[in-house]
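Each chain is listed here by its residues.
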Amino acid sequence: MLFGGSFNPPHIGHRIIAEIAYDEFKPERFLIVPSKNPPHKSIDFIANFDKRFSWCERVFFEYYFEVSDIESKLPSPSYTIRTIEYLMNFDKNIYLLIGEDSFKNFHKWYKWEEIVKKVKLVVYPRYFEEKSPYSVDFEYIKLESPIVEISSTEIRQRIKKGKTVKGLIDDKIIEEVLKEYN
């Protein structure tokens, strides 16, 4: 299983979704892959890769999660297809875990058509709607999961406004995250 993203910062919602996906699929490997240089993110508001990687290592510390720095070794910017193609050298059976918000814009991803040919796409819900507001012509698996309405953007905004993020961020990293985004 591959769960990638900017993790800017990683939050309890990421952890909950990863735990649910692990429980559902019991993959041999469950890779958490922070994106080194996400092409859709402004470098003005993203913490550096080493910090985000370190935060992920502490948030996803169980033996069944493996935090990988693979995207720091691949060409920039960090495109999911490059990560998948690299991983396919070792395993042809890859599940890609993404949020429904990312899925809604999946058609904008770099080489998205190739991605869906190479992986099993697993989508976790982010909306309360019974039916997704978009249609796709490829197969995907919708993860049965409670709606986790926590986003890294919302967390950064709360910090900027001086509001608490206690309970949204793992206690192991909260002080560093507050310092980074204040």
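Residues numbered from 1 in each chain as written. Predicted model: local features only at pLDDT ≥ 70, side-chain atom pairs only at ≥ 80, totals over all residues. Heavy atoms only, no water.

S.K.: Just give me the short version of the sheet that holds strand β2 (residues 31-34), but keep the residues and values in it.
M.R.: Here six strands make up an open sheet; going across it, the order is β3-β2-β1-β4-β5-β6 and the pairing parallel. Each of the sheet's edge strands pairs with one partner strand only, and the pair in question is β3 (66-67) and β6 (141-142). Relative to strand β4 (residues 94-99), strand β1 (residues 2-5) is paired through two bridges, and the arrangement is parallel. Residue pairing in the sheet places L2 in a bridge with L96 of β4. The strands touched by helix α1 (residues 12-25) within the sheet are β1, β4, β5 (119-124) and β6, with β4 carrying the most contacts at an inclination of about 145°. (Pairing = 2+ DSSP bridges. Helix = DSSP H or I, 4+ residues; strand = E, 2+ residues; numbered from the N terminus. Contact = heavy atoms within 4.5 Å. Axes fitted to C-alpha atoms, helices over the stretch in contact; angles between N-to-C directions.)

S.K.: Kindly report on unusual backbone geometry, identifying the contributing residues and their values.
M.R.: At the junction of N8 and P9, the peptide bond is cis and its omega measures out at 5° in the coordinates. Position of P9 among the secondary structure elements: in the loop between β1 and α1. In the segment running from S76 into P77, the intervening peptide bond is cis, with an omega of -5°. The residue P77 is located in the loop between α3 (70-73) and α4 (80-87) in this model. We note that K26 has phi near 45°; this positive angle belongs to a residue other than glycine. Looking at the element boundaries, K26 is found in the loop between α1 and β2. Take K26: its relative accessible area is 49%, and that puts it in the partly exposed class. (Buried < 20%, exposed > 50% of the residue type's maximum accessible area, 1.4 Å probe, protein only.)

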